Amino acid sequence: MKITEFIKDGLLYLDGGMGTLLQETGLLPGELPERWCITHPEVITAIHRAYYDAGSHVVNTNTFGANALKLSDGELEEIVCAAIACARAAQRESITDQPTWVALDVGPLGRMLRPLGDLDFEDAVEVFAKTVRLGARYGADLIMIETMNDSYETKAALLAAKENCSLPVFVSNAYGEDGKLMTGASPAAMVALLEGMGADAIGVNCSLGPAALSPVVEEYLACASVPVLLKPNAGLPKVEGGKTVYDISPADFAREVVALIDKGVRIAGGCCGTTPDYIRATVAASTGHVPLPIEKKSVTTVSSYTHAVVFGNAPVLIGERINPTGKKRFKEALKANDVDYILGEGLSQAAHGVDILDVNVGLPEIDETAMLSRVVCELQAVTDLPLQIDSSDPVAMEASLRRYNGKAMINSVNGKEESMRAVFPLVKKYGGLVVALTLDEAGIPADAEGRLSIARRILARAAEYGIEKKDIVFDPLALTVSADGGAAKATLDALELIRTQLGCHTSLGVSNVSFGLPARDMINGTFFSMALCRGLSAAIMNPYSAEMMKTYYAYRALSGLDENCADFIAYAETVAPMGSATVQATPVAVKKNATDGMSELSAAIVKGLSERAANLTRQRVRELEDPLILVQEEIIPALNTVGVGFENKTVYLPQLLMSAEAAKAAFEVIKASMKGCEKSAKCAIVLATVKGDIHDIGKNIVKLLLENYGFDVTDLGRDVSPEAVVAAVERTKAPLVGLSALMTTTVPAMEETIKQLRVAHPACRVVVGGAVLNREYADAIGADKYARDAMETVRYAEEIFESLK
C-alpha cells in the first residue's frame, strides 16, 4: 500500500530521536552521526528495528546532516546508500506485522540563504537535490524534510524534492516559543506555502514538547487541507548525574500527543529526547482513537515570509504603484537600475496600509526577467508584505515565482488557451493565487453573463491542471465609463455573479473605470464603494488616494469589520483637509511608524536600505568634523530601535539582519572617510560553532550584530575544536566567548570547550546559544550566560564591556 493511501484513513506513527540514542551507544563529541551508517551499521539497524517493533510505521534514515556542504559527493553517496540499507535491514528483522516504510531524512543545511546569508537559493536547491536523488536511487519510500526553521530554505528543499523524485514528501518545521519560525513565518504562512507547492503532509517537529507546541499544531489543523504531522521533543533538556535527560516521561508525552491526535493530527512521532518507549506509549494510548477526517479548508490565501493574507475576511488592498505605466520617474528608475527608488515606493505603500504589493517592471528597454527577480527578492528583504507578481512574460513570471519566499499572487491568466497553457503549470508547480481576467480570444464580453461564462471555462481548465477554485481570484475587468456608460454596471453585475454562482473571490483594478475623466478620484472612490457592496474581495488601487482610503476605512467601520471603529478613528485624524484629493505629505499614520521623527540615515537603517544608508552617510561625513558622531547619534540608535522591536516580537529576523547590513554599509563609509583614525573597538570577542556541528546560522547573526555595535569579533567558523577556541582567547585576550550548537549530539563538545576554557582562562566569560539549549541546560554545562537570540548576546556583551571599564 502507498503511504499516501494509508494516511487517508488511518493514523501513521513515525519514529523518535536518533542522536541521544547514539550518544548512549558511544558517539563521541564532535563525531558525525551519519558516518555511523558505515562504521556501526549494526547500531543504526538496531535503533531502527526498535522503533519498528515499538509501533512506528516509518523510520527516518540516519541522514539528517548528510549533504554536499558537509560531505564529498562520494562519501554522501556511500552514507545515503548505507543509511537506507540499515533501515531496510531493520524492516526485515522487525517483529511487526503492520505496513512499514523508510523515509529519507533531510535536515537543514546550517547556512542562511541570500539576502540574509551567503548561500544562493539555487545553490541550496542543488545541495538538497543531490541528497534527494541518492535517496530515490537507493530505494527510499518517501522524503522527510524536517527541523526547518526558515521558510526560504524549506521551499528550496521541497522544490528539490519535487523536481528530483516522484516520492511522497512530508515537510516539518521547527517553531520557537513565540509560535514562529526563526525567520518569522507563522503556521498559516507555512501551510499556504507548502500546500501550494504540493507537499503530501506538513507539520511540526523539535523545539518544544507536545503541549507547548499545541497552539502551533492547532493553527495547522485550522488551515491545512493535507494530513498534519507532529514530532515534538520529550520536553526540555536538563543534566542529571552528568547525563542529558528530558523532563517529559513517555506516559505524559503520549497523553499530550494523543490529545492532539483527537483534534486532528494524523501523523505522530517524536524528536529530541524521545526513544522507542515514547513511541510505544503513544501507540498504546491512541489505540481505538478514530482519526478525524481530513477536510478541505477552501481558504483563499497568499503569504510572505512572515504571514498569510486571507481573502474574504475583509477587503484586501493591493498597492498598484510599483508599475511603470504612466509613471515617468518609475521608468527612469528601471532604466537606471535604481532599485532603491522602487523599494522606497514599496515601503511607502506599506506605510499607507496596503496588504499586498503589486510588482510590475515590464519595460521594453530592460531585461524584465532579471529585473523582476531582483525587485521581488530585494522587496522581500525590506518588507514582509506578500507580493503580486505582475507580468505577461511567462519566463519572467517563473523566474520570480521560483525565488519568491511564500505563496505569491500571480497576475495574471485569462480565458485564452495560450495564456492558460503558459500560466497554469507555473501555478501548479510553485503554488500561488492566480488572478484570472474574464477575457478570451474574442475579447472582453460586453455583458456580465459573457464574463461569467469565461470564468466557468477558466475554472474547468484549471481543474485539469489540479488547481482548485480557492486558488483563483477573478477580475471581471473595470472598463472606462467615459467610453461606455454601461461599463461600470456590467463589471459590477459580473462581480456579483462570479461571487454568488461560482463561489469565487474577485479583484478589480479600480482606477481603470475613470480613465479619460477629470477628478478621477471622485469616480474611483464611489465605484470602489459600489464594488465593495457587491462583494468585491480585493482592489488593485492607489493607497495615496484620499477618496479610496476614505471609502475603505468607512466601509470597514460600517460593515462591522473595525472593532470599536478604532482604525477609522485613527485614519480620520490624518485625513487631508476637505478638497484635497490626495494625501500628499507623510504616510497615513494609521499605525505609528518606527521611523517617525528619525533622521533620513536612521530611517534608512531601520528599513534595511543599505545603498541608501551608504549614500546618506557619504553626504553627512562631508559636513562633519567628526564622522563618529553619526555612529553614536544616528546609527546605534537606529540599531537599538530594530533590536528592541526584535526583542518585543514586532520585528523579525530578516528585518533585523537587513538593518544590520544597512548599518554595516554606513560604518564602511565612515571608516573609509577617517583614513586610519578609526576609534578602537570595545573589546575582543571569540565566536565558534562547536566541534562536530556545521550549523553556523545563529553564530553568523551574532557576529554581524556585535560588529555593528563596535566589538572586535574573531569568528573561528564551524566545527571548531575546544583547543582552537582556547588558543584564540589566548591570542586575542578576549573577555568573552560565544559558542553555538544546533544538534544534541554536539552539546558534549560545547561542554568540553567550556571545561578547557575554565582551566586555561578562568576569567573569560562564556555565552551559549542554539536550538537544543535552554537556561537550565546552559547552567548545567558550565556556561555563564544562555542567550535566546542574537540581541540578548549583544546586551550581555555590552554588560561585559562596561564591567571592564
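Below, the structure is looked at part by part. The residue numbers shown here count from 1 along each chain, following its written sequence. The predicted origin of the model limits local features to residues at a pLDDT of at least 70 and limits the giving and counting of side-chain atom pairs to 80 or more, whereas totals for whole chains, interfaces and linings rest on all residues. Side-chain descriptors were evaluated using all non-hydrogen atoms of the structure, hydrogens and water having been removed beforehand.

Take the overall build of the protein chain next. Working definition: helices are DSSP H or I runs of at least four residues, strands are E runs of at least two. Numbering for both runs from the N terminus. The number of helices and strands found in the protein chain is 30 helices and 25 strands. The atom set for the radius of gyration is the C-alpha atoms, and the globule formula is 2.2 Å times the number of residues raised to the power 0.38. Taking 805 residues into account, the globule formula puts the C-alpha radius of gyration at 28 Å, and the protein chain, at 28 Å, falls close to it. Dimensions of the protein chain along its principal axes, counting C-alpha atoms only, are 85 × 75 × 50 Å. The rule is simple: take the accessible area with a 1.4 Å probe, protein chains only, and divide by the maximum for that residue type; under 20% is buried, over 50% is exposed, in between is partly exposed. Expressed as a percentage of its 805 residues, the buried residues of the protein chain come to 59%. Two residues qualify as a contact provided that any one of their heavy atoms is within 4.5 Å of a heavy atom in the partner residue. For the protein chain, contacts bridging at least 24 residues in sequence account for 75% of all contacts bridging at least 6. Carbon and sulfur atoms make up 52% of the accessible area of the protein chain, which totals about 30,600 Å². Charged-residue counts in this description rest on Lys and Arg as positive and Asp and Glu as negative, His and the chain ends being excluded. Note on charges: their place is set at NZ of Lys, CZ of Arg, CG of Asp or CD of Glu. Measuring between centres, the 77 positive side-chain charges of the protein chain sit 2 Å from its 102 negative side-chain charges. Areas reported here follow the Shrake-Rupley algorithm with a probe of radius 1.4 Å; residue values treat only the protein chains shown as occluding.

As a further point, take helix α8 (residues 187-196). When you tally the buried positions in α8, you get 10 out of 10 residues, the bulk of the element. Of the residues making up α8, those classed as buried are Pro187, Ala188, Ala189, Met190, Val191, Ala192, Leu193, Leu194, Glu195 and Gly196.

Within the secondary structure, Arg402 sits in helix α15 (residues 394-403). Exposure remark for Arg402: the relative accessible area of 14% places this residue in the buried category. Side chain to side chain, Arg402 and Glu163 meet in a polar contact 2.7 Å long. Not counting residues within four places of it along the chain, the set of residues in contact with Arg402 comprises Phe121, Glu122, Val125, Lys155, Leu159, Glu163, Lys429 and Tyr430. Polar contacts, as counted here, are pairs of nitrogen or oxygen atoms within 3.5 Å of one another; within protein the pair requires one atom able to donate a hydrogen and one able to accept it, and residues that are adjacent in sequence qualify only if both atoms are side-chain atoms.

This part covers the pattern of salt bridges. We count a salt bridge whenever a side-chain nitrogen from Lys or Arg sits within 4 Å of a carboxyl oxygen from Asp or Glu. Scanning all chains against the criterion turns up 49 salt bridges. The closest approach of N and O atoms between Glu5 and Lys8, which form a salt bridge, is 3.1 Å. On the criterion of helical spacing, the pair formed by Glu5 and Lys8 is a turn pair, its members being three residues apart in helix α1 (residues 3-9). On the basis of relative accessibility, which here comes to 40%, the residue Glu5 falls in the partly exposed class. In this structure, Lys231 and Asp15 form a salt bridge, with 3.2 Å as the shortest nitrogen-oxygen distance. Placement of the pair is Lys231 in strand β7 (residues 228-231) and Asp15 in the loop between β1 (12-13) and α2 (19-25), with a sequence separation of 216 residues. Here Asp15 falls in the buried class, since its relative accessible area comes to 5%.

Now for the sheet that holds strand β10 (residues 267-268). Strand pairing is assigned whenever DSSP identifies at least 2 bridges connecting the two strands. Across the sheet, eight strands lie side by side as β1-β10-β7-β6-β5-β4-β3-β2; this open sheet has parallel pairing. Bordering the open sheet on either side are β1 and β2 (58-60), each of which pairs with just one other strand. Pairing geometry for strand β4 (residues 142-148) and strand β5 (residues 169-173), over four bridges, is parallel. Each residue of the ladder has a partner; that of Ile145, found in β5, is Val171. Between N-to-C directions, angles span 0 to 180 degrees; the directions come from axes that are lines fitted to C-alpha atoms, helices contributing only their stretch in contact. Along the sheet, helix α5 (residues 73-93) contacts β2 and β3 (101-106); its crossing angle with β3, the most-contacted strand, is approximately 150°.

Further remarks concern the sheet that holds strand β14 (residues 356-359). Judged by pairing direction, the barrel is parallel, and its eight strands sit side by side in the order β13-β14-β15-β16-β17-β18-β19-β20 before closing back on the first. Ignoring which end each strand starts from, the neighbouring axes of this sheet average 30° apart. Taken together, the three bridges between strand β13 (residues 316-322) and β14 define a ladder with parallel strand orientation. The partner of Gly319 across the bridge, within β14, is Leu357. On top of the sheet, α15 reaches β15 (387-390) and β16 (409-414); it is set at about 150° to β16, its chief contact.

To continue, consider the nonpolar core. If you look at soluble globular proteins, the nonpolar side chains tend to sit buried side by side. Counting 216 residues, the largest nonpolar core has Ile143, Ile145 and Ile635 as its most contacted members. Element by element, the count of residues in this core is highest for helix α25 (residues 653-674), at 11 residues. Once you skip the residues sitting within four places of it in the chain, Ile143 turns out to touch Leu104, Val106, Val132, Ala161, Cys165, Leu167, Pro168, Val169 and Phe170. Buried Ala, Val, Leu, Ile, Met, Phe, Trp, Tyr and Cys residues that are joined via side-chain atoms within 4.5 Å together make up what is termed a nonpolar core. One finds Ala688, Val729, Val747 and Val768 within the second-largest nonpolar core, a separate group that totals 28 residues.

The next point concerns the packing of aromatic side chains. Think of it this way: a Phe, Tyr or Trp ring, Trp meaning its six-membered ring, pairs with another when their centres are within 6.5 Å, and the plane angle makes it stacked under 30 degrees, edge-to-face over 60, tilted otherwise. Overall, the coordinates contain nine aromatic pairs when judged by the stated rule. Note on Tyr175 and Tyr220: the rings are 6.0 Å apart at their centroids and 85° apart in plane angle, and the pair reads as edge-to-face. Of this pair, Tyr175 sits in the loop between β5 and α8 while Tyr220 sits in helix α9 (residues 210-223); the two residues are 45 residues apart in sequence, bridging distant segments of the chain. Classification of Tyr175 by relative accessible area gives buried; the value is 0%. Judged by relative accessible area, which is 0%, Tyr220 ranks as buried. Summarising the aromatic geometry, the rings of Tyr552 and Tyr553 are spaced 5.0 Å apart at their centres and angled 75° between planes, so their arrangement reads as edge-to-face. The two residues Tyr552 and Tyr553 agree in class, both being buried. Taken together through their ring pairs, the aromatic side chains of Tyr552, Tyr553 and Tyr571 make up a single cluster. The ring of Tyr341 carries Arg329 above its face, with NZ or CZ at 4.1 Å from the centroid. A ring has a charge above it when a Lys NZ or an Arg CZ is no more than 6 Å from the ring centre and no more than 35 degrees off the ring normal. Directly above the aromatic system of Phe646 lies the positively charged group of Lys649, at a separation of 6.0 Å from the ring centroid.

A few words on the packing of α9 against helix α10 (residues 250-261). One can describe the packing of α9 onto α10 by two numbers: an axis separation of 9 Å at closest approach and a directional angle of 15°. Judged by the inter-axis angle, α9 sits roughly parallel to α10. The crossing of α9 and α10 is right-handed. For the pair α9 and α10, the contacting residues are Pro210, Ala211, Ser214 and Val217 in the first and Phe253, Glu256, Val257 and Leu260 in the second. Among the residues forming the contact of α9 with α10, the class breakdown is six nonpolar, one polar and one charged. To sort the angles, those under 35 degrees are grouped as roughly parallel, those over 145 as roughly antiparallel, those from 65 to 115 as roughly perpendicular, and the leftovers as oblique. Crossing handedness is defined as follows: a turn of the near helix away from the far one that is anticlockwise and smaller than a right angle gives a left-handed crossing, while the clockwise case is right-handed. Three classes are used, and their members are as follows: Ala, Val, Leu, Ile, Met, Phe, Trp, Tyr, Cys and Pro are nonpolar, Asp, Glu, Lys and Arg are charged, and the others, Gly among them, are polar.

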